[in-house]
Amino acid sequence: MSILFLSLALLPLTGTARTIADFFASEPGNIFPLLTRTNRLDMVDYHKSGQTVAIANNLTGESRLLELDSTYIKVQTSGAKMVEMLMRTAGKDTVITVIETVMTPVPDSRLTQWNVHWQRFTSDRLFAMPAIDDFIVKKMPQQLRADLQDAMIFPLIRLTFTGEKHDTIEASHGLEQFLASNEYQRFAAYLKPSLKYRFNGLKIKPVK
């Protein structure tokens with residue numbers, strides 16, 4: 001009988017739908033090493049009360065929760081880093097897609113995906129991070145393409161969630177910020193300003 005009462009008492013807890021704020025609080029420190037669980041809970045509480053309050057992080061800098069709804073959160077963890085997280089459903093799975101953007105000072109992002117236990121999906125087939133070549137239109141002259149590849153020693157690509165439901169990912173390059181103005185103008189006419197991606201189950205595919 002005691003076991004039955006205990007099981008009934010637990011039903012509301014196990015049946016409660018989880019929000020992105022819950023996963024923000026439970027993240028074990030791979031994504032938010034500068035923020036304790038208490039820090040994160042305080043940030044959520046402040047946001048729910050209509051306040052955007054700077055929280056002191058573990059490096060004595062400031063962190064701010066900028067946006068929050070039931071499935072999406074955007075946090076400025078420091079002056080040099082922004083994190084966006086989206087909770088979504090892929091089949092029977094709940095997936096947390098995370099975009100971390102570092103200001104270098106040209107923004108550069110990485111994308112990872114996790115299950116509800118904060119175990120990472122590691123297959124490269126789920127998402128291919130765009131390269132500078134993906135932004136180049138086919139008609140760019142071969143020599144100009146080679147010049148751009150020489151000038152851009154390493155790609156700096158920014159990712160961000162877009163759309164009313166944050167269900168699209170936009171990728172943009174930082175060439176205009178990275179290159180000198182006269183150098184950038186040589187390539188500008190042959191560059192796509194951005195690329196779009198959509199979710200397809202666990203996969204994230206380019207919009208053609």
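Up top you'll find the structure we're talking about.
The structure presented is a predicted model; accordingly, all values stated were derived computationally and were not measured.

**A word on the overall build of the protein**
Thinking step 1. Helix and strand counts for the protein come out as six helices and eleven strands.
Thinking step 2. In terms of overall dimensions, the protein has C-alpha extents of about 80 × 40 × 25 Å along its principal axes.
Thinking step 3. Partitioning the contacts of the protein with sequence separation of at least 6, the portion at a separation of at least 24 is 45%.
Thinking step 4. As displayed, the protein has an accessible area near 12100 Å², and 53% of this comes from carbon and sulfur atoms.
Thinking step 5. Positive and negative side-chain charges in the protein, numbering 24 and 21 respectively, have mean positions lying 7 Å apart.

**Comments concerning the sheet that holds strand S7 (residues 120–121)**
Thinking step 1. A sheet is described by the order of its strands in space; here seven strands give the open sequence S1-S2-S3-S4-S5-S6-S7, paired in antiparallel fashion. Strands with a single pairing partner mark the edges of an open sheet, and in this sheet they are strand S1 (55–56) and S7.
Thinking step 2. Across two bridges, strand S6 (residues 107–114) lies against S7 in antiparallel orientation. When the sheet's bridge partners are listed, Trp114 is paired in S7 with Arg120.
Thinking step 3. Contacts from helix H3 (residues 37–48) reach S1, strand S2 (62–68) and strand S3 (72–78) within the one sheet, and its direction differs from that of S2 by about 50°.

**Here we look at the pairing of strand S10 (residues 194–200)**
Thinking step 1. Relative to S10, strand S9 (residues 168–173) is paired through five bridges, and the arrangement is antiparallel. From the neighbouring strand, Thr168 faces S10, where its bridge partner is Arg198.
Thinking step 2. Where S10 and strand S11 (residues 203–206) come together, four bridges link them in antiparallel fashion. Across the sheet, residue Asn200 finds its bridge partner in S11, namely Lys203.
Thinking step 3. Between S10 and S11, which pair antiparallel in sequence order, lie two residues; one of them, Gly201, sits at a positive phi of approximately 65°.

What counts and what doesn't
- Residues numbered from 1 in each chain as written.
- Predicted model: local features only at pLDDT ≥ 70, side-chain atom pairs only at ≥ 80, totals over all residues.
- Heavy atoms only, no water.
- Helix = DSSP H or I, 4+ residues; strand = E, 2+ residues; numbered from the N terminus.
- Contact = heavy atoms within 4.5 Å.
- Areas by Shrake-Rupley, 256 points an atom, 1.4 Å probe, with all protein chains shown as cover.
- Lys, Arg positive; Asp, Glu negative; His and termini not counted.
- Charge placed at Lys NZ, Arg CZ, Asp CG, Glu CD.
- Pairing = 2+ DSSP bridges.
- Axes fitted to C-alpha atoms, helices over the stretch in contact; angles between N-to-C directions.

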